[in-house]
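# Coordinate inspection notes
So the chains spell out like this:
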Amino acid sequence: MKIRLRNISISKSIAIVPPTRNLTQIRLRSSYTKSLTRPQWKHIHEFTDKLQRKELAQARSLLTKSFKSYELLHPRIIQIMLMQLLDYQLQHGVQDAYALVLLYEEFGAYKPVNTIDLELEIVQRDIELKFFVCFLQLFVDLEDTMTPMSQKILHHKIQSLATTYQFQQHELDRILTTHDRRRIYNLVVGSYTTFDTSTDLLHSGSLVPLDSLCEFIAANRYSEYDSHTQKKAPMYELYDLLLSEDEQRVFMQKYMRFNSIKQSVIERSSQILKPTKEIGDSEQIQMNHQFDQWIKQIIEGMEDLLVQLKNVPLSATKDEIPSHLLHVFQYRLVIESLPKKITAEIILSHLLSKCATESKYQAATVVSICKSLAPCFDWIGTTTSLGLTLSFEERVSIIGSLLDIPIRRCTFLKKSSKVPTPVFQYWLAKTLPSEKLKTIGAIKIDPYLMPTIRKTVWSSKAMNITLPMLSTPVPWSSPNKGGNLFQRKSFLLLSQEASEPHPLIFKADENHDLDSTYNVLTNLGSVAWAINPRMIQTFSEALKYPNGFMNITPTLECIPHVVLPEPNEADYESKDAFYRARKMIHGKNADAHKEYIALYTIREQLETTAKIAQAYASNGDMIYFPHGVDFRGRTYPFTTPLNHHSQDVVRSLLMMWNAKPLGPNGLQWLKYHLGGMYGSVLPFEDRIAYIDSHMDDIIDSAQHPFDCKGWWKNGLKPFQTLSLCFELASITKFVNEGNKVEEYPCRIMIHLDGSCNGLQHYSALGRDIEGGKAVNLIHGNNDDIRGDIYETVRSTVANKFQTKLNDTTVDSEEKRLSKLALSILSRKMVKQTVMTSVYGVTPFGARLQVKKRISELLEELEIKKREGVPIEVDVESINKLKFELAFQIANATLDSIDELFSNAKRIEDWLKENCFRVLTSFHKPQISFVNAKFYQPFMWYTYSRFLVIQDYTAKSTINVPSALQLITLSNRTSSSSINLRKHLNSIPPNFVHSLDSSHLALTCLAAHDAGVTFAAVHDSFWTYPSQAEQLGTILRQTFVELHSSNILETLVTDLKSYTRASFQLVWICNKENPQLVQAILDLRKAYHVPNVDKTEYFDGVLSHEFNETSKAEVTPKTLVEVYNPKLYHRTTQKSLKEYNESVVAVKSRIEFNVDNFTPVLIPIRLLDPPTKGQLDINDILKSTYFFS
């Protein structure tokens, strides 16, 4: 057999494409043909006949018919038919450009639904490549005879496919310009995948079980190089065995080509997954069978609904549509296009889960169910044949209508009963007295089923997760293009209500302001990770402990679920006493159930993580984490739950796919990093000495992680500690075998962490020397000592309490609290409050943090007491007064931070005041000035040119109609006014987050240019031990570059430019400025605005002055400039503050009464940055422990 490309003859052995199976051989694959009907066989033979008679138009028509009806034929058969047609066109020459492009468009719309079949994916790829060859041949042969439009369309298709398959652009250009047909083979031949697989999982439109997908990942291994080792070694070890760069390059090309196809299967199957468990309980098995029956009932209900909808003409008026179909009729086409079984499974699983876990009303509210399902329907909506992206309100309306189906349709039979009982009951629950609504729609499960449902609901709940990628993420090039191959999402992490980024983000993209952000996300996503085989084995063993292991929760069967029995009214003296007892028991049961669900959820997530990690570890595959950013520019991986931003045990599972030699200082950095994971805050050399002194414990931990002395278990981050114990033990063995330690191939990353990074940024902004010393920005008084801000704050707080104890004017109760506070005060007690102080923690939030630490301390003391360990503190008094102690310690901690970082406090106040002035300014006419609502977000550009849009809006009430009920949502919409209080509380933390994101971006780009591997978790920068010193130099240089850019001055300049045409509404006190006020009133008499109501009068005159275009010499604004009065700015409905150029003066407040003040619009005045200290920013380059 030969395949002819016009004048090029290529033998079968080196064919550009694998030979297509003949349609007459389809019978050999019974799995494809056993369900074929006579009409289907007739359709196939008719196509073959048309092709043999060279009736290509008729053959294409039959193929198009197959595309448009997915259920007509198995996808594999349709692929074979298409391959036959393309083979024919390749052999006999392509003549009809329009027909070929049309065929490709139809093929492009055809995608097998919910199929995990690697063979299908491979053939899909090969078909696209055949189309590419046909397009090239057509362009080369017939370009001169084509119309300009045909040339343009064909050229676009060629370039698009060339980009997809990463063909060499210069070779393609040469073909298109020289019309050299011989080069087509050289360009295309390397892009075909010719391996086979026996995995064939076709799930008939059902949700894909997580176990099946994990089995698919593990079973489909790139096996071409397996002969290099006696057993199937991990891919990274096979790669390491290749000696030459050429061999490694060829390996990576083939391996990545394999992975890209495998990744395409995973992405199209893993957006919504169904976990599967081995269930031995007969009751659970019966419930799973019942679950399948309910799925069928929901599908029947959807089909009945569609029949009713189709009976209504599309042109029907509102009055002609039946009332029960009125709210769902407009979504007829959407519902018709939804995959029924997937939709039914998702709705039922979420409905059961919400009803089984909610305890507030002993049922799940319709609103909570709709919000839980909305993300799932966003995915389904974008993958329907309509290609729609549904808004949040549209999704809720559809969900509310579909929820009516399981309520009406799902039934079960109780024992000794033949009458079906509804599974779900819809009712109106009474809300709490503090809530505005009187009743709210809710759904509950029949009490007879509830105990069993609560046991089994987790085995059927659909999960919305994103798995790591096996191929390199698509480079980011626009807000909606990059990351995953098919699962397109915005690079900006959006709220549930938002369907796309803010319009100004797209404007910034057009101006190329986001180019550096795209490069950062692309670089972070291109880091190749792998699963640490020793840690996944340890993690899997730890999960087997029935009662839990360390901070790993018990197995699902062993999680305690305490339910107190209902009280008996006869046991109480009165009904009031009975009602109080019942209420107390219901409260305790609700709390116990909430804790049970929390533990259950944590355990489920851990087991899911272990399954996913084990699947990727089976073959030692490389995995990638595509990244996105939040509105402040902070980077996050899209993958869940497996990523390096997760908890300690998940981080410990990860290592680098590529190994790098330790080099001369790598071992020292590994030991230093191990000390940090264990909890040591010692300086570099002392920390290494500490690790050296515990080498026996480290080796013991690595050799017997569960039966050892347990040194690693006492670590601050125990599982990452164990991971490093494994690595040091491996290095020791490597050296003992006669190798040089510098040559050890290391895959473990070490972390360089900022010392309370938010305060580092504020100290740098204010050039604060003392603050900089406290957070290691610069060297302290002793260059060899590592600064510890948490210990410094603890010491300052302790001095405050000691001062109270020594003060004779303090009462005895206050002294008692101070003494108790001193007895429990620790570095850990104040750490969280110090860390979050720069991010806007409130005094109330700080008290909650300290209270939690006190509760943890009491639990530890209780354990010691049971073990017979002497207790030196008054546990009883601490427990009794923990609220008062939390108040005292939290306030003292916040005061100490303000004293130590006074410059940071001044910058925070300055940011808040300027934010307030910008947000409350006017740049266009208003209906009301006096009681105005504001809608503009607060925006600024970071040094890395990322546009931060702080857009906190007040929630608006929206009524969404559905067939079930009118659903009231409280959401933020584009028409909502801003939430001013949230803006002001959030600007300090958001601004500093934008600074740490800029530092990360600069460091990432510089590390990439220097060839340094870089990963990060916000202010924790990761790299290989051998590159730690190089990264340390880079991150210091980028920090200095960032803070040498006059950040605050640039911000003011940008804000002034942004508000250059804006006006501020200020108020003049009538008593303080009688002459000025009278002059303004005289001017305003000419406006002829009625002065009946003060507010309406002021609105009228202000509107006139805002719109005034004449250039009068005397205006209220010019009068203010002449008289220079004290101005006031309204903060609330009842208070004013001075509108001054000093942050300190701004803090004073006076009472506001509209009768006592006169309003004036003046150009906005922004405050200049606070005075800076004397810190030399370049000294950071010499700081040893700046990031360590």
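Quick caveat, the model's predicted, so the values are computed rather than measured.

Assigned secondary structure in the protein chain consists of 44 helices and 33 strands. Across the 1188 residues in the protein chain, those meeting the buried criterion constitute 54%. In the structure as shown, the protein chain presents an accessible area of about 55,100 Å², 50% of it carried by carbon and sulfur atoms.

One water molecule sets the probe size; rolling that probe over the atoms shows where empty space is left. Overall, the coordinates contain 8 cavities of 30 Å³ or more when judged by the stated rule. Mapped onto the lining of the largest cavity, the elements with two or more residues apiece are β18 (654-656) and α28 (718-736). Broken down by element, the lining of the largest cavity gets its largest block of residues, 3 residues, from α28. Split into classes, the residues belonging to the lining of the largest cavity amount to 7 nonpolar, 5 polar and 1 charged.

Next up on the list: the sheet that holds strand β21 (residues 750-753). As summarised here, the arrangement of the 3 strands in space is β21-β28-β27, forming an open sheet in which the pairing is antiparallel. If you trace the sheet from one side to the other, it starts and ends with β21 and β27 (1015-1017), each paired once. Within this sheet the neighbouring strands show an average axis-to-axis angle of 25°, counted without direction. In terms of strand pairing, β27 meets strand β28 (residues 1020-1023) through 3 bridges, oriented antiparallel. Paired with alanine 1016 across the bridge in β28 is phenylalanine 1021.

Right, let's talk about unusual backbone geometry for a bit. Here the residue pair threonine 640 and proline 641 is connected by a cis peptide bond, since its omega of -5° sits within 30 degrees of zero. By secondary structure assignment, the location of proline 641 is in the loop between β17 (635-637) and α24 (648-651). At histidine 1088, a position not held by glycine, the phi torsion is positive, near 60°.

Time to look at helix α15 (residues 340-357). The terminal C-alpha atoms of α15 lie 26 Å apart, and with 18 residues this matches the ideal 26 Å at 1.5 Å per residue to within 8%. Counting buried positions over the 18 residues of α15 gives 16, a clear majority of the element.

Our next topic: the pairing of strand β29 (residues 1063-1069). Among the 7 residues in β29, 6 count as buried, and that is most of the element. Here strand β22 (residues 921-922) runs beside β29; their pairing, made up of 2 bridges, is antiparallel. Considered in β29, the bridge of phenylalanine 922 is made with phenylalanine 1063. As paired strands, β29 and strand β33 (residues 1157-1163) are joined by 7 bridges and run antiparallel to one another. Following the sheet pairing, isoleucine 1068 is matched in β33 by threonine 1158. Direction of pairing for β29 relative to strand β30 (residues 1127-1130): antiparallel, over a ladder of 2 bridges. Residue isoleucine 1068 lies in a different strand from β30, and its bridge partner there is leucine 1127.

What follows is about the pattern of salt bridges. Applying the stated criterion across every chain, the model contains 32 salt bridges. Taking the shortest distance from any N to any O, the salt bridge between aspartate 404 and arginine 408 comes out at 2.8 Å. Of this pair, aspartate 404 and arginine 408 both sit in helix α18 (residues 404-409), 4 residues apart, which is roughly one turn of the helix. Classification of arginine 408 by relative accessible area gives exposed; the value is 51%. In this structure, glutamate 856 engages arginine 853 in a salt bridge whose closest nitrogen and oxygen atoms are separated by 3.0 Å. Remark: arginine 853 and glutamate 856 occur in helix α34 (residues 843-866); sequence separation between them is 3 residues, near one turn of the helix. According to the relative accessible area criterion, arginine 853 is buried, its value standing at 13%.

A word on the packing of aromatic side chains. Given two aromatic rings, one states the distance between the centres and the angle between the planes to describe the pair. Counted under the stated rule, the structure contains 45 aromatic pairs. Plain terms: the ring middles of phenylalanine 922 and phenylalanine 929 are 4.9 Å apart, the flat faces sit at 55° to each other, and that makes the pair tilted. The exposure class assigned to phenylalanine 922 is buried, which follows from its relative accessible area of 2%. Joined through ring pairs, the aromatic side chains of Tyr222, Tyr225, Tyr239, Phe251, Tyr255, Phe258 and Trp657 make up one cluster. Lying over the aromatic face of tyrosine 1139, arginine 917 brings its terminal NZ or CZ to 4.1 Å of the ring centre. Just above the ring of tyrosine 941 sits the side chain of arginine 945; from NZ or CZ to the centre is 4.0 Å.

Summarising burial for helix α10 (residues 210-219): 7 of the 10 residues are buried, a large majority. Buried within α10 we find Leu210, Asp211, Ser212, Leu213, Cys214, Phe216 and Ile217.

Here we come to the pairing of strand β31 (residues 1135-1138). Side-chain alternation along β31 places Ser1135 and Lys1137 on one buried face and Leu1136 and Glu1138 on a second face that is also buried. Taking the residues that link successive antiparallel strands as the turn, the β30-β31 hairpin has 4 residues. One ladder, built from 3 bridges, connects β31 with strand β32 (residues 1149-1151); its direction is antiparallel. Looking across to β32, one finds that leucine 1136 is bridged to isoleucine 1150.

Proteins that are soluble and globular tend to have nonpolar side chains buried together. If you look at the biggest cluster of nonpolar residues, it comprises 224 residues, and the most contacted ones within it are Phe491, Trp657, Ile789, Phe991 and Trp1067. The element that contributes the greatest number of residues to this core is helix α38 (residues 980-1010), accounting for 10 residues. If we ignore the near neighbours within four places in the chain, the residues touching tryptophan 1067 are Val930, Phe1098, Lys1126, Leu1127, Tyr1128, Arg1130, Leu1136, Phe1152, Val1154, Phe1157, Thr1158 and Pro1159. Leu207, Ile299, Ile407 and Ile967 belong to the second-largest nonpolar core, a separate cluster that totals 61 residues.

In this structure, arginine 332 sits in helix α14 (residues 332-337). Glutamate 336 provides the closest opposite charge to the buried, unpaired arginine 332, separated from it by 4.3 Å. Setting aside chain neighbours within four positions, we find arginine 332 in contact with Leu306, Leu309, Lys310, Val312 and Leu314.

One can describe the packing of α10 onto helix α23 (residues 575-617) by two numbers: an axis separation of 7 Å at closest approach and a directional angle of 20°. Classified by the interaxial angle, the pair formed by α10 and α23 is roughly parallel. Counting all contacts with α10, which are made through Leu210, Asp211, Cys214, Ile217 and Ala218, the residues of α23 involved are Thr608, Lys611, Ile612, Ala615 and Tyr616.

Secondary-structure assignment places histidine 627 in strand β16 (residues 627-629). Using a relative accessible area of 1% as the deciding quantity, one classes histidine 627 as buried. Looking at histidine 627, its side chain comes within polar contact range of the main-chain oxygen of phenylalanine 625, at 2.6 Å. Leave out the neighbours within four places in its chain, and histidine 627 touches Trp476, Leu521, Leu524, Gly525, Thr635, Tyr636, Pro637, Phe638 and His644.

This paragraph deals with the packing of α10 against helix α12 (residues 245-267). Here α10 crosses α12 at 180°, and the two axes come no closer than 11 Å. Classified by the angle between their axes, α10 and α12 sit roughly antiparallel to one another. Only Lys262, Val265 and Ile266 of α12 make contact with α10, whose side of the interface consists of Leu213, Phe216 and Ile217. Looking at the contact of α10 with α12 residue by residue, the classes come out as 5 nonpolar, no polar and 1 charged.

Attention now moves to the environment of tryptophan 1067. In this structure, tryptophan 1067 sits in strand β29. Linking tryptophan 1067 and leucine 1127, residues 60 residues apart in sequence, is a C-alpha distance of 5.8 Å.

This part takes up the confidence of the model for the protein chain. Residues shown with low pLDDT carry predicted positions that ought not to be read at fine detail. Taken over all residues, the pLDDT of the protein chain has a mean of 81, while the share at 70 or more is 82%. Across residues 1-34, where pLDDT falls below 50, the model places 75 contacts with residues more than four positions away in sequence or in other chains. Segment residues 189-204: pLDDT under 50, and 44 contacts once partners within four positions in sequence are set aside and those in other chains are kept.

On to the state of the cysteines. The tally for this structure, following the rule as stated, stands at 0 disulfides. With no disulfide partner, cysteine 725 has as its closest neighbouring cysteine sulfur the one in cysteine 708, 8.4 Å distant. Taking the relative accessible area as the measure of exposure, cysteine 725 reaches 0% and is therefore buried.

Parameters and conventions
Residues numbered from 1 in each chain as written. Predicted model: local features only at pLDDT ≥ 70, side-chain atom pairs only at ≥ 80, totals over all residues. Heavy atoms only, no water. Helix = DSSP H or I, 4+ residues; strand = E, 2+ residues; numbered from the N terminus. Buried < 20%, exposed > 50% of the residue type's maximum accessible area, 1.4 Å probe, protein only. Areas by Shrake-Rupley, 256 points an atom, 1.4 Å probe, with all protein chains shown as cover. 1 Å grid on protein atoms, 1.4 Å probe; cavity = no way out; pocket = protein on both sides within 12 Å on 5 of 7 lines; lining within 4 Å. Points joined across faces, edges and corners; volume = space filled by probe spheres on them. Nonpolar A, V, L, I, M, F, W, Y, C, P; charged D, E, K, R; others polar. Pairing = 2+ DSSP bridges. Axes fitted to C-alpha atoms, helices over the stretch in contact; angles between N-to-C directions. Expected span 1.5 Å × (residues − 1). Salt bridge = Lys/Arg side-chain N within 4 Å of Asp/Glu carboxyl O. Phe/Tyr/Trp six-rings, centres within 6.5 Å; stacked < 30°, edge-to-face > 60°. Lys NZ or Arg CZ within 6 Å of the ring centre and 35° of its normal. Core = buried A, V, L, I, M, F, W, Y, C linked by side-chain atoms within 4.5 Å. Contact = heavy atoms within 4.5 Å. Lys, Arg positive; Asp, Glu negative; His and termini not counted. Parallel < 35°, antiparallel > 145°, perpendicular 65-115°, else oblique. Polar contact = N/O pair within 3.5 Å; in protein donor to acceptor, adjacent residues only side chain to side chain. pLDDT = per-residue confidence, 0-100. Disulfide = S-S within 2.5 Å.

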